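Now for the letters of each chain:
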Number of protein chains: 2
Amino acid sequence: MTRTLEFYFDYGSPYSYLADTQVEAIAQRTGATLARKPMLLGGVFKSTGNHSPAEMPQKSAWSGFDMPMWARHYSVPFQRNPFFPINTLALMRGAAAAQIDGSFERYHPAIFKAMWIDGRNLNDIKEVAAVLMGAGLDPQEFGNRIQEQDVKDRLKATTDEAVARGVFGAPTSFVDGRMFFGNDRLPFVELALKGALP
Amino acid sequence: MTRTLEFYFDYGSPYSYLADTQVEAIAQRTGATLARKPMLLGGVFKSTGNHSPAEMPQKSAWSGFDMPMWARHYSVPFQRNPFFPINTLALMRGAAAAQIDGSFERYHPAIFKAMWIDGRNLNDIKEVAAVLMGAGLDPQEFGNRIQEQDVKDRLKATTDEAVARGVFGAPTSFVDGRMFFGNDRLPFVELALKGALP
């Protein structure tokens, strides 16, 4: 039986980035199918009454130590984005569009890299355009697609689906319908994919 | 050099219980000194503007799966306490008193067991008395001690100290002044105690 690792994320979530660096390897090691599911974390927060952890100064200060520790643990590059908060609505619609249009494999790593490795100001549409061009994508087409209804609907549907399944933050993974909140639960996600969940 | 694992906890925190089942073994494996630091989590929340995770229905629902998963992972007994929320002020003052008076080694495991293994109603002073007697402790003396100033002052001092160090939830560990929030960071705590933090 092939299991699926469903991975809900938002580009604005640093722990989503950290986990995203691991999920392909986890799927490969366990013979699972990986399904990345772009959702709008701001929409999830609104629906659940949750708040960004970055809003609490003490948690944010601790994360400043915790996030780079995970990056070193994973041996991946990371820097906190200096332009936070960044509104990710356009970026998440872009992910939905890229999944519909078949350009997700170029789009996805480029956005996470721009956000959490290169620390670029993705509130600035010109910066986003530069990132897209660097990934061989057409900024003009991006700008048009994210305003089309099928793209808006898809992001909204995935976000609503996440909330309906109990998601309250990012990243969140599902295996066999079981939910795992956070980058720090990936070891359990891997056990679940192996059918060895404690 | 002997390192110290400082472990801030509250009996009302299920993840504090789960982590508490591990910290002695971690200290032993790493040759570290363990310093358990009872704090009033409600006081920490008040000072930091943080809230109990149990207040968000979605997070609480997920924890109902996550907490027993950790218990199975650790091979320790666990059940959610059906009498929640429980006001832990008397219990945490009791921990401070027990540390002053030298009865902590009997008091501490008895309270965590009553709360998170036996699921007893520790809002009820008669239940607390029964638990104390079961641990060979004198409920009358407990009732008197937790009203004395040195005990109140000690709990308040530890709670204030935690907040001053950046604590916003429980459990929180420190190694060499570095903070680790959550039961799920214990693997990093162990690496830190070994001087091998990534």
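What you see is a predicted model, and the numbers here were worked out from it, not measured in a lab.

Chemist: Explain the interface of chain B and chain A to me, please; I cannot follow it from the model alone.
Modeler: Where interface size is quoted, it is often the accessible area lost as the parts come together. At the interface, 20 residues of chain B touch 21 residues of chain A. Where the side of chain B that touches chain A is concerned, the elements lending two or more residues are helix H3 (57-74) and strand E4 (178-181) of chain B. In terms of residue count, H3(B) provides more of the side of chain B that touches chain A than any other element does, 8 residues in total. Per-class residue counts for the side of chain B that touches chain A are 10 nonpolar, 6 polar and 4 charged.

Chemist: Can you walk me through the sheet that holds strand E2 (residues 33-38) of chain A in this structure?
Modeler: Paired through their backbone hydrogen bonds, the strands of a sheet run either parallel or antiparallel. Residue and element names in this part refer to chain A. Pairing within the open sheet is mixed, and its 4 strands lie in the order E2-E1-E3-E4. Among the strands making up the open sheet, the edge pair consists of E2 and strand E4 (178-181). For this sheet, the mean inter-axis angle between neighbouring strands, taken without regard to orientation, is 20°. Inspection of the sheet shows strand E3 (residues 172-175) paired to E4 by 4 bridges, in the antiparallel sense. Counted as the bridge partner of threonine 172 is phenylalanine 181 from E4.

Chemist: I'm lost on the relation of the copies chain B and chain A in this one. Help?
Modeler: Copy one and copy two of the chain differ by a rotation about an axis and a translation along that axis. When chain B is fitted onto chain A, the two copies agree to an RMSD of 0.0 Å after a turn of 180° and an axial shift of 0.0 Å. The relationship between the two copies is best expressed as a two-fold rotation axis. When C-alpha distances to the rotation axis are compared across chain B, the minimum falls at Asp184(B), with a value of 3.4 Å.

Chemist: So what exactly am I meant to see when it comes to the nonpolar core here?
Modeler: For soluble globular proteins, nonpolar side chains are generally found buried alongside one another. With 109 residues, the main nonpolar core has Leu5(A), Ile111(A), Val189(A), Leu5(B), Ile111(B) and Val189(B) as its most contacted residues. Ile111(B) has contacts with Tyr11(B), Leu91(B) and Val131(B), leaving out every residue within four places of it along the chain.

Chemist: Would you mind going over helix H5 (residues 104-116) of chain B with me for this structure?
Modeler: The periodicity of an α-helix, 3.6 residues per turn, causes residues three or four places apart in sequence to face the same way. Residues and elements named next belong to chain B. Taking 1.5 Å per residue, 13 residues should reach 18 Å; H5 reaches 18 Å between its end C-alpha atoms and fits that length. Taken as a whole, H5 has its buried residues at Tyr107, His108, Ala110, Ile111, Phe112, Ala114, Met115 and Trp116. Contacts made by the buried residues of H5 are with helix H1 (14-30), strand E2 (33-38), helix H4 (89-101) and helix H6 (125-134).

Chemist: Would you take a moment to explain the confidence of the model for chain A for this structure?
Modeler: Any segment with low pLDDT has predicted coordinates that should not be analysed in fine detail. Per-residue confidence for chain A averages 97 on the pLDDT scale, and 100% of its residues sit at or above 70. Two summary scores accompany this predicted model of the complex, namely pTM at 0.96 and ipTM at 0.94.

Rules used throughout
- Residues numbered from 1 in each chain as written.
- Chains lettered and ligands numbered in written order.
- Predicted model: local features only at pLDDT ≥ 70, side-chain atom pairs only at ≥ 80, totals over all residues.
- Contact = placed C-beta atoms within 7 Å.
- Helix = DSSP H or I, 4+ residues; strand = E, 2+ residues; numbered from the N terminus.
- Nonpolar A, V, L, I, M, F, W, Y, C, P; charged D, E, K, R; others polar.
- Pairing = 2+ DSSP bridges.
- Axes fitted to C-alpha atoms, helices over the stretch in contact; angles between N-to-C directions.
- Least-squares fit on C-alpha atoms with pLDDT ≥ 70 in both.
- Core = buried A, V, L, I, M, F, W, Y, C linked by C-beta atoms within 7 Å.
- Buried ≥ 20, exposed ≤ 12 C-beta atoms within 10 Å, placed from the backbone.
- Expected span 1.5 Å × (residues − 1).
- pLDDT = per-residue confidence, 0-100.

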